[in-house]
Amino acid sequence: MKKIAIVTGASSGIGEAFVKEISVTDETLDEIWIVARRQDKLDALLALTGDKRIRPVKADLTNANDLESIGQRLSSGDYSVCLLINCAGLGKRGNLSSNAIEDVAATINVNCQSLTLLTRIVLPYMKTSEVKKGGGRIINIASSAAFLPQPGFAVYAASKSYVLNFSRALGAELAPQGIVVTAVCPGPVDTEFLGKATGGRETEFTGFRKNVVAQADKLAKASLKASYKGRKVLVYKFSQKMVHFVSKVLPTGLVLHFEQKLLKN
Ligand SMILES: NC(=O)c1ccc[n+]([C@@H]2O[C@H](COP(=O)([O-])OP(=O)(O)OC[C@H]3O[C@@H](n4cnc5c(N)ncnc54)[C@H](OP(=O)(O)O)[C@@H]3O)[C@@H](O)[C@H]2O)c1
C-alpha cells in the first residue's frame, strides 16, 4: 500500500510552502500529489524540489469531472492517504454588489464546496487507526477572517467561517478513527493572494497589516506541527490570537461598527 499526501493550492503561496516542507521532512510518504490548475507551476515545483515522489495533478477544483478524476486515480491504486491539505482558496475584495458573479461563485465553490467534496472523496482512502491520533491527518486552511463578518470581504470571510466550523465538526466525527482535522487560521500572509483579491491594485500589505504579515514557509511548518500534535485549530501568530479573542468578547454589532469606520478611512 502506497502512503500518500495530497496538497491542493500547491502551485503557489502557502500550498507550495507545504509541499516544500513535506518533501524535506516526511520520508514516510511514497507519493505527494500536488493539485492546482497551473500545470507549469506544478512542474516547476517538481523540478525545484527534485523530489521524485511528487505527482503533479492538474485540476480545476470547481470542475466536477476533475474532482471525480482524483477519486478515480485513488481507486485505481492501492493508496493510503496519510495527509490531506486543503489549501486552494481565493477571495475578491469589494462589496458584494461590485463583485463579479463568477468571482462570487468561484470563491464559494473553491473555498467551501470543493474543499468539502474533495475531503469526502478522499475519506474512504484515509489511513485510520484505533489509536488516538494514529490515523491520517487533514489540514484545512481557513483564515482569521473566519472569526468575524467582514464588510468589503463578506463572501470570503463567511466562506472561511464555513471552513472553520466544518473542520471542527468533521474532526469530532473522525476522532474515533484516529483521524485528526486541523483548521489553520492565519492573518495576512505574503503570497499572490492579495494581488488576486484586489485585481492587482494591491500586491503588498500596508498599514497595520504590514506589521503582522506572516511568511508562508513558517506558517506551513507551524501548521504541520500543530497537526502532528492533534490540534483542532491553529490561530497563527499573536496578532491573530488577539483578533480571535476580540471576536469572542465584543458584540458582533460593535465590531461591525468599527470595521465600517476603518473602511471609510
Ligand atoms: N495570503 C493570505 O493573506 C491568506 C490569509 C489567510 C488565509 N489564506 C488562505 O490560504 C490559502 C492559500 O492561499 P495563498 O495565500 O497561498 O494564495 P495563492 O498564492 O493565491 O494560492 C491559491 C492557490 O489556490 C489554487 N486555486 C485557486 N482556484 C483554484 C481552482 N479553481 N482549482 C484548483 N486550484 C485553485 C491556486 O492554483 P491555480 O491558480 O494554479 O489553480 C493556488 O495554488 C487560501 O485558502 C487562502 O484563502 C491566505
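Look up a bit, the structure's there.
Okay, so let's go over this structure. (Residues numbered from 1 in each chain as written. Predicted model: local features only at pLDDT ≥ 70, side-chain atom pairs only at ≥ 80, totals over all residues. Heavy atoms only, no water.)

Now for the site of the ligand. Near the ligand lie 31 residues; those nearest to it are Ser11, Arg37, Tyr156, Thr191 and Lys196. Taking Ser11, its side chain carries an N or O atom lying 2.7 Å from an oxygen atom of the ligand. One of the side-chain nitrogen or oxygen atoms of Arg37 is found 2.7 Å away from an oxygen atom of the ligand. A class-by-class count of the residues in the shell around the ligand yields 16 nonpolar, 9 polar and 6 charged. (Near = heavy atom within 4 Å. Polar contact = N/O pair within 3.5 Å; in protein donor to acceptor, adjacent residues only side chain to side chain. Nonpolar A, V, L, I, M, F, W, Y, C, P; charged D, E, K, R; others polar.)

For the rest of this paragraph, the subject is the packing of helix α3 (residues 64-75) against helix α4 (residues 101-122). Contact geometry of α3 with α4 gives a least axis separation of 10 Å together with a crossing angle of 15 degrees. With respect to their mutual orientation, α3 and α4 come out roughly parallel. For the element pair α3 and α4, the recorded crossing hand is right-handed. Contact with α3, carried on its side by Leu67, Ile70, Gly71 and Leu74, involves Ser114, Leu117, Leu118, Ile121 and Val122 of α4 and no other residues of that element. (Axes fitted to C-alpha atoms, helices over the stretch in contact; angles between N-to-C directions. Helix = DSSP H or I, 4+ residues; strand = E, 2+ residues; numbered from the N terminus. Parallel < 35°, antiparallel > 145°, perpendicular 65-115°, else oblique. Left-handed = near helix turned anticlockwise from the far one by under 90°. Contact = heavy atoms within 4.5 Å.)

Right, let's get into the environment of Gln72. As for its placement among the helices and strands, Gln72 is situated in helix α3. Along the primary structure Gln72 and Ala59 are separated by 13 residues, whereas in three dimensions their C-alpha atoms are 13 Å apart.

One broad trend across soluble globular proteins is that nonpolar side chains are buried collectively. Counting 36 residues, the largest nonpolar core has Ile6, Trp33, Ile70, Leu74, Val122 and Ile138 as the members making the most contacts within it. Those elements that place two or more of their residues in this core are β1 (2-8), β2 (31-36), α3, β4 (79-86), α4, α5 (154-174), β6 (180-185) and β7 (233-235). At 5 residues, the largest contribution of residues to this core is made by α5. Core analysis: the next-biggest nonpolar cluster, separate from the first, contains 31 residues, Leu42, Cys87, Val189 and Ala226 among them. (Core = buried A, V, L, I, M, F, W, Y, C linked by side-chain atoms within 4.5 Å. Buried < 20%, exposed > 50% of the residue type's maximum accessible area, 1.4 Å probe, protein only.)

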